[in-house]
Amino acid sequence: MKTIKNFILALVAWAMMFVSALAVDIIVVSHGQANDPFWSVAKNGVDAGCKDMGVSCKYTAPATFDMVEMAKLIDNAVSQKPKGIVITLPDAAALGKSVKAAIAAGIFTFLTRQTIINVSRYVEFDLKNEIYTQYQKLSLSFYKKNQTGDLMNRISEDVSRVRMYFGPALMYSINTITLLIITFFYMYRQSPELTIYTISPLPILSYTIFKLSGIINIRSRIVQESLSKLSSFSQEVFTGIQIVKSYAIQKNKSLEFDNLSKKNKGNQISLVKMQALFFPLMILLIGISNILVIYVGGKQYLSGEIENIGIIAEFIIYVNMLTWPVASLGWISSIIQQAEASQKRINEFLKENKVKGIIADHWKSLELIKTTKKKYCLIHGKEINHPKGSFQ
């Protein structure tokens, strides 16, 4: 009977973990059970309010009026990092520690994001200004060789990828390293053997996300290139619409546009199919890790190696805390690869030779004087000779 009871408790804990792995915007932790006539009205109000606001909510409450269990629910809610947590407070003394921890977590999360993300935006701003300044100093022959779409893509899309490296990648790297060290310490202190079994699927998760992100990046680049071709084609046709009409090639251009659109559509669908594997794969590996925790932890509890069955629930919470940080390792690696490739593309233009001499610094005040034998330019009233083609 005891074995069956423990098994049921473990399954319930795993089910709760599976649900909590899904993205939730707001978590409500109440001391009133949803099946209670009074609190059922409150739960319905929460569901209706979240539906009106267009956010996802999760209502949680202890099975009985147990402040220790409610404190664990609050800690679990904090570990899921939702956008907001709503807590009822029947006993401030008993729940004070967990509530203060939740408030502190929210404040430090805000400060971390505010600091690092703002810095990444400053980097993005400065880099865009640097590229724009470089564009103004490049020769006419440079613009003849490069399309406008490519120039705009490097100052927008490529710069955004570099910003991701200085922002989210840096932030999640710090968060992941810190959380891994602290969580592993507490897990190993409780049960070394169970810790090894618990974390065994996590490296597989990280590697799988890394490989999947690599494939997604390749397909994303293909989508960007096809979209760039489509935009360039549309721009050329609209610019030269008089020529298109003069030669009566509207149908040919329309068919060419349709082919480019279908190719772009196929690339988009291919990308979406690969992206659709991300969260199901992550949930699958989370489930495997939870099953190992329940099976191994259950055996250790029955054999007396673990004194309290609450340790199993504690390990499930640890798995929940480690899921996204471990998965983000692959995502961070992908961001670093994208940023490296984008920075190389940006550097190609930043290293491009500028218009030489005084002309680059005084372009706005340049006046050309044409003669029958020689070409001269007048800059701030100073006449200098220049060879043919030096302004190209």
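See the structure printed just above.
Residues numbered from 1 in each chain as written. Predicted model: local features only at pLDDT ≥ 70, side-chain atom pairs only at ≥ 80, totals over all residues. Heavy atoms only, no water.

**Some remarks on the layout of surface pockets**
Item 1. In this structure, the second largest pocket encloses a volume near 760 Å³.
Item 2. Surrounding the second largest pocket, 31 residues form its lining, Glu157, Asp158, Arg161, Arg221 and Gln224 being those nearest its centre.
Item 3. When contributions to the lining of the second largest pocket are tallied by element, the ones reaching two or more residues are α6 (148-190), α8 (201-239) and α12 (310-350). (1 Å grid on protein atoms, 1.4 Å probe; cavity = no way out; pocket = protein on both sides within 12 Å on 5 of 7 lines; lining within 4 Å. Points joined across faces, edges and corners; volume = space filled by probe spheres on them. Helix = DSSP H or I, 4+ residues; strand = E, 2+ residues; numbered from the N terminus.)

**Things to note about helix α10 (residues 250-275)**
Item 1. The terminal C-alpha atoms of α10 lie 37 Å apart, and with 26 residues this matches the ideal 38 Å at 1.5 Å per residue to within 8%.
Item 2. Of all the residues in α10, the buried ones are Asn264, Asn267, Leu271 and Met274. (Expected span 1.5 Å × (residues − 1). Buried < 20%, exposed > 50% of the residue type's maximum accessible area, 1.4 Å probe, protein only.)

**A closer look at the state of the cysteines**
One covalent bond between the sulfur atoms of two cysteine residues makes up a disulfide.
Item 1. Taken as a whole and judged by the stated rule, the model has one disulfide.
Item 2. The disulfide partner of Cys50 is Cys57, and the gap between their sulfur atoms is 1.6 Å. Here Cys50 and Cys57 share a disulfide; its torsion about the S-S bond, -85°, makes the bridge left-handed.
Item 3. Judged by relative accessible area, which is 6%, Cys50 ranks as buried. (Disulfide = S-S within 2.5 Å.)

**Regarding the side chain of Thr198**
Item 1. With respect to the helices and strands, the residue Thr198 is situated in helix α7 (residues 192-199).
Item 2. Within the local environment of Thr198, its side chain forms a polar contact with the backbone oxygen of Leu194, the two atoms lying 2.6 Å apart. (Polar contact = N/O pair within 3.5 Å; in protein donor to acceptor, adjacent residues only side chain to side chain.)

**Some points on unusual backbone geometry**
Excluding glycine, residues mostly carry a negative phi; peptide bonds, for their part, are mostly trans.
Item 1. At Ala248, a position not held by glycine, the phi torsion is positive, near 55°.
Item 2. Within the secondary structure, Ala248 is located in the loop between α9 (241-246) and α10.

**Remarks on the sheet that holds strand β2 (residues 57-60)**
Item 1. Overall, parallel pairing links the three strands, which are arranged β2-β1-β3 in an open sheet. The two strands at the open ends of the sheet, each matched to only one other strand, are β2 and β3 (84-87). Sheet twist, expressed as the average angle between the axes of neighbouring strands with direction ignored, equals 15°.
Item 2. In terms of strand pairing, strand β1 (residues 26-29) meets β2 through four bridges, oriented parallel. Directly across from Val28, in β2, lies its bridge partner Tyr59.
Item 3. In this fold helix α2 (residues 37-53) packs onto β1 and β2, with an angle of close to 165° to the strand it touches most, β2. (Pairing = 2+ DSSP bridges. Axes fitted to C-alpha atoms, helices over the stretch in contact; angles between N-to-C directions. Contact = heavy atoms within 4.5 Å.)

**A few points about the nonpolar core**
Item 1. Of all hydrophobic cores here, the largest spans 28 residues; its most connected members are Leu205, Val293, Phe315 and Leu322.
Item 2. Looking at this core, the elements with two or more residues in it are α6, α8, α10, α11 (278-303) and α12.
Item 3. Top contributing element to this core by residue count: α12, with nine residues. (Core = buried A, V, L, I, M, F, W, Y, C linked by side-chain atoms within 4.5 Å.)

**Concerning the packing of aromatic side chains**
Item 1. Scanning the model with the defined rule gives seven aromatic pairs in all.
Item 2. Residues Tyr135 and Phe349 carry aromatic rings whose centres are separated by 6.2 Å and whose planes lie at 65° to one another, so their mutual orientation is edge-to-face. With Tyr135 in helix α4 (residues 92-137) and Phe349 in helix α12, this pair connects stretches of sequence that are 214 residues apart.
Item 3. Given the relative accessible area of 6%, Phe349 is considered buried.
Item 4. In this structure an aromatic cluster arises from ring pairing among Tyr135, Phe142, Tyr143 and Phe349.
Item 5. Lying across the ring of Phe349, Arg154 places its NZ or CZ 4.0 Å from the centre. (Phe/Tyr/Trp six-rings, centres within 6.5 Å; stacked < 30°, edge-to-face > 60°. Lys NZ or Arg CZ within 6 Å of the ring centre and 35° of its normal.)

**Describing a nonpolar patch on the surface**
Item 1. On the surface, Ile103, Ile107, Phe108, Phe110 and Leu111 cluster together into a nonpolar patch covering about 530 Å² of accessible area.
Item 2. Following the sequence through the fold, Phe108 ends up in helix α4.
Item 3. Judged by relative accessible area, Phe108 falls into the exposed class, the value being 56%. (Patch = residues over 30% accessible without salt bridge, like charges linked within 9 Å, V, L, I, M, F, W, Y side chains within 5 Å. Areas by Shrake-Rupley, 256 points an atom, 1.4 Å probe, with all protein chains shown as cover. Salt bridge = Lys/Arg side-chain N within 4 Å of Asp/Glu carboxyl O.)

**Some words on the packing of α8 against α12**
Think of two packed helices as two axes; the pair is described by the angle between the axes and how far apart they sit.
Item 1. α12 packs onto α8 with a crossing angle of 35° between their chain directions and a minimal axis gap of 8 Å. Between α8 and α12 lies a crossing whose hand is right-handed. Residue-level contacts link Leu202, Leu205, Ser206, Ile209, Phe210, Ser213 and Asn217 of α8 to Leu322, Thr323, Val326, Ala327, Leu329, Gly330, Trp331, Ser333, Ser334, Gln337 and Gln338 of α12.
Item 2. Residue composition of the contact of α8 with α12, grouped by class: nine nonpolar, nine polar and no charged. (Left-handed = near helix turned anticlockwise from the far one by under 90°. Nonpolar A, V, L, I, M, F, W, Y, C, P; charged D, E, K, R; others polar.)

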